[in-house]
Amino acid sequence: ERCFTHVRKDIETHRIQGLLLVGQAASMVFPDKAELVSRQNQVFEWLGVRTMVCPGPNRLQYMRDKNFARDQIDAERQKIFETLKIFKDKIIGAP
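A short tour of the structure in this document, coming up. (Residues numbered from 1 in each chain as written. Predicted model: local features only at pLDDT ≥ 70, side-chain atom pairs only at ≥ 80, totals over all residues. Heavy atoms only, no water.)

### What about unusual backbone geometry?
Positive phi is not limited to glycine here, since Asn 41 has a value of about 60°. Residue placement: Asn 41 occurs in the loop between α3 (33–39) and β2 (44–46). You can call Asn 41 partly exposed: its relative accessible area is 29%. Here the phi dihedral of Asn 67 falls at roughly 60°; this positive angle occurs in a residue that is not glycine. By secondary structure assignment, the location of Asn 67 is in the loop between α4 (57–65) and α5 (70–92). (Helix = DSSP H or I, 4+ residues; strand = E, 2+ residues; numbered from the N terminus. Buried < 20%, exposed > 50% of the residue type's maximum accessible area, 1.4 Å probe, protein only.)

Next comes the structure, spelled out in structure tokens:
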């Protein structure tokens, strides 16, 4: 809750128009895994700001360390790029 107070203040002070919650930050905001998964590739309002969640680069490193198949790692990488593209198009580029 303390962090949210600072985030709200920063949103107001800097007139932030969009948030991208990456990796563990997204997990901290949405600890329920089912809810987190349901929000992937979706633009939604959080703290009054258009927001998206995205797996972080540490996810790719974890997959490498655990010897996931290359095609699984590539699919996860593609998912991250798709999320970033949606964020760019629907939040950064939105009027």
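### Overview of the pairing of strand β1 (residues 18–22)
Only one face of β1 is buried: it carries Leu 19 and Leu 21, and the other face, with Gly 18, Leu 20 and Val 22, is open. Pairing geometry for β1 and strand β3 (residues 49–54), over 5 bridges, is parallel. Bridge pairing in β3 links Leu 21 to Val 53. (Pairing = 2+ DSSP bridges.)

### Considerations on the sheet that holds β2
The strand order across the open sheet built from 3 strands is β1-β3-β2, with neighbouring strands paired in mixed fashion. Strands at the two margins of the open sheet, each flanked by one partner only, are β1 and β2. This sheet shows a mean twist of 45° between the axes of neighbouring strands, independent of strand direction. Two elements, β2 and β3, share 3 bridges in a ladder whose sense is antiparallel. Among the inter-strand pairings, Trp 46 is bridged to a residue of β3, identified as Val 49. (Axes fitted to C-alpha atoms, helices over the stretch in contact; angles between N-to-C directions.)

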